[in-house]
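For reference, the chains in residue letters:
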Amino acid sequence: MKISLGPLPYFWPKDMVVQFYSQVAAAPVDIVYLGETVCSKRREMNLRDWLDIADSLLDAGKEVALSTLALIEAESELKSLRAICKAANANERLSVEANDMAAAHLMSEAGRPFIAGPYLNIYNAPALEIMRQAGAKRWTPPVEISRHALEGILGSLASPIETELFAYGHLPLALSARCFTARSEGLPKDDCRFVCKKYPQGIPTRSQEGETLFNLNGIQTQSGKCYHLLNQWRDLQHAGVNVIRLSPESPDTLRVAESLALALKQEQDKVLPYQLNHSNGYWSRIPGMELAAGPQETPHLS
Amino acid sequence: MELVCPAGSPPALRAAVDNGADAVYIGFKDDTNARHFAGLNFDDAKAQQALAYARDRGVKLFVAINTYAQSQGWERWRNAVDKVAGLQADALIAADIGVMDYAARQYPQLNLHLSVQGSATNYEALRFYYNRFNIKRAVLPRVLSLPQVRQVASQSPVDLEVFAFGSLCIMAEGRCYMSSYMTGESPNNSGACSPAKFVKWEQKDGRLESRLNGSLIDRFEADENAGYPTLCKGRFDAGDSHAFHVFEEPTSLNTLDLIPELAATGVKAVKIEGRQRSPSYVAQVVSTWRQALDCFQREPAAFRCQQDWLEALQALSEGAQTTLGAYSRPWQ
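It should be emphasised that the depicted structure is a prediction, and the values quoted were computed from it without experimental measurement.

A. A look at the domain arrangement of chain B. All names here are of chain B. Split by domain assignment, chain B resolves into domain 1 (2-168 + 251-331) and domain 2 (178-244). Here the C-alpha centroids of domain 1 and domain 2 sit 27 Å apart. Counting residues at the interface gives 14 residues for domain 1, matched by eight residues for domain 2. Contact between domain 1 and domain 2 buries roughly 750 Å² in total, counting both sides, with carbon and sulfur atoms accounting for 42%. Looking only at domain 1, the three residues that lose the most surface to domain 2 are Tyr68, Gln70 and Gln117, adding up to 33% of its buried area. Grouping the amino acids of the side of domain 1 that touches domain 2 by side-chain chemistry returns four nonpolar, seven polar and three charged.

B. Broad picture of the packing of helix H3 (residues 75-89) of chain A against helix H4 (residues 101-109) of chain A. Residue and element names in this part refer to chain A. Orientation of H3 relative to H4, taken along the N-to-C sense of each, is 40°, at an axis distance of 10 Å. Classified by the angle between their axes, H3 and H4 sit oblique to one another. Between H3 and H4 lies a crossing of right-handed hand. Between H3, through Leu78, Leu81, Arg82, Cys85 and Asn89, and H4, the contact on the second element is made entirely by Ala102, Ala103, Leu106 and Met107. In terms of residue class, the contact of H3 with H4 is made up of seven nonpolar, one polar and one charged.

C. Fine view of the interface of chain A and chain B. At the junction of the two partners, chain A supplies 70 residues and chain B supplies 68 residues. In total, about 5700 Å² of surface goes out of reach between chain A and chain B, with carbon and sulfur atoms giving 54% of it. The tally of links from chain A across to chain B stands at six salt bridges. A salt bridge links Glu248 of chain B to Arg178 of chain A, with the nearest nitrogen and oxygen atoms 3.1 Å apart. On inspection of chain A and its partner chain B, the count reaches 47 residue pairs in polar contact (both at pLDDT 80 or more). Looking at the side of chain A that touches chain B, its residues break down into 37 nonpolar, 18 polar and 15 charged. Of the pairings in the sheet, the one linking strand S8 (residues 203-206) of chain A to strand S11 (residues 236-238) of chain B comprises two bridges and is antiparallel in character. Across the sheet, the residue bridging to Arg206 of chain A is Asp237 of chain B, located in S11 of chain B.

Each value, and the rule that gives it
All chains use their own residue numbering, which begins from 1 and follows the written sequence. Numbering of ligands from 1 and lettering of chains from A proceed in the order in which they are written. For a predicted model such as this one, the threshold for reporting local features is a pLDDT of at least 70, and the threshold for listing and counting side-chain atom pairs is 80 or more; totals across whole chains, interfaces and linings nevertheless cover every residue. Think of the side-chain values as coming from all heavy atoms in the structure, minus any hydrogens and water. What fixes the domain bounds is an automatic or database domain assignment. Here a residue-residue contact requires only that any non-hydrogen atoms of the pair lie within 4.5 Å. Buried area: the accessible area, evaluated with a 1.4 Å probe, that two parts lose upon being put together, summed over both parts. We call Asp, Glu, Lys and Arg charged. Ala, Val, Leu, Ile, Met, Phe, Trp, Tyr, Cys and Pro are nonpolar, and the rest, Gly among them, are polar. Axis lines are fitted to C-alpha atoms, over the contacting stretch for helices. Their N-to-C directions set the angle, which ranges from 0 to 180 degrees. Counting from the N terminus, the helices are the DSSP runs of H or I reaching at least four residues and the strands are the DSSP runs of E reaching at least two. An angle below 35 degrees is treated as roughly parallel, one above 145 as roughly antiparallel, one from 65 to 115 as roughly perpendicular, and anything else as oblique. In a left-handed crossing the near helix is turned counterclockwise from the far helix by less than a right angle, and in a right-handed crossing that turn is clockwise. In the sections that follow, a salt bridge refers to a side-chain nitrogen of Lys or Arg positioned within 4 Å of a carboxyl oxygen of Asp or Glu. The term polar contact refers here to a pair of N or O atoms within 3.5 Å; inside protein, the definition further demands a hydrogen-donor-capable atom paired with an acceptor-capable atom, and it admits residues adjacent in sequence only when both atoms are side-chain atoms. Pairs of strands are assigned from DSSP output, requiring at least two bridges between the strands.

Given below as structure tokens:
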């Protein structure tokens, strides 16, 4: 089982990003996804900056992929996408994670393999076979996938394909034309003043009774709770998952990677105790915000 | 521009046809349909009758199989495609690449439209679907501004259809799992958002509370208009702000004012949302839009939105409010 670090979903200052990925180089993750996937207005990091980080991670022995913008609306965004694909195609060691069919199309036209990201809505084996024909060498199912559904897909494939699962972090639940972070500050998107930089972990959104439901991250809405399927890593493995994805929450996410790597190495079931802000319901075919126990385990809430 | 209208039942279909639809879209009575609501939609016999009624009056019939095929139920989606081909409907509206691939291989003569649930928001994505499945048309998600629609239309390999009126999805369609996060069921996996079976209304301390699967979505004072608890239209707390519409107010999209601009972008069709709506709603919305489009066609330069049209549509809108949505930058 490999461990991957998903793209950074939040808008952090450049020095924080650089610092974070310098630590990633030494962290026990096998695959690192780099780039801005949420908002094209976030320009602290340009493509050159990401490629510099990619180089140092490649030198540290990581597999590196450039992850593309998930909601592409403007010509300028297509231009950035083409630049990302071109940069990856110029470097044998780099790949692209396609988070929109535009990226899948460009990579396929270039005759280059790519990784099908979690936003591509692959829910069945015929759909996955089409992506494989287009050039997908690995895929991540939609975040709402259950074990039952994943087994149905993988069990119907003509031959296996590397499968990655979003298993830790705030789930990317929705994308919009509207920036909810700017809206919550009374600002229009065209004059957002980059307020999302004030919220390095997004803005928790609660019901009027105080229940945390969602997390605002610019045009992206995330789950209010942190998804945590790590204690079920054996179950993931049995279902056919080859790569466990951790989504960066804060620099502390690298400690989670260490705990997971240790548990995998020592074959321990428990990776990280459950806390009140954890959920993992999707995997068990119940609402995503609920917490289901692992096969031999009752959740320990602290 | 072609006027594409919704029908969730035979009476709604007749209302749409009789009031000036150029095309009507329907779906089957199962989870292949992104408007999979109890008591709505068409079985085989009703779909056949719908087709006959529309054809006799020169109106096209589109059938939406616009959810994502779930791995264990693939046959349902395949059978639904077979039924649409058997009906000889004017188009199949689909979102799932597996479903489109099957339709394109088995029934190359069947017109394929990319559903809004396919979530293609740019022309490079449209090329993916065009090259592989030979789609004839795509419905654009409600996330693009007018200049962005124009840009996509100028490079698109296929005809475009855009939303003109109805309930407003705030999120890019096909890219929203908020409903399954709270209830287990989403448009993509079950064909429904904020399903009615999870909704509860409670009177508490003089206020009306709406809940979705137990979570509080909104609280209404006695003098407030209580809307259906679609989760993105609720009032929540975020940051320092208390009980506000974090995502969007209950409101409907209305682009009557934009008819000349939409026509200028080159889009081929405008779509009315609302297969869950009553026949009388469909009749009024379709007849108003028919009048407006006819008026524009007669004298494009002199087109002005008439007050009685706006009032008719306002009265039919969620929260009696309308918006231009993402077509207008300030909304974003």
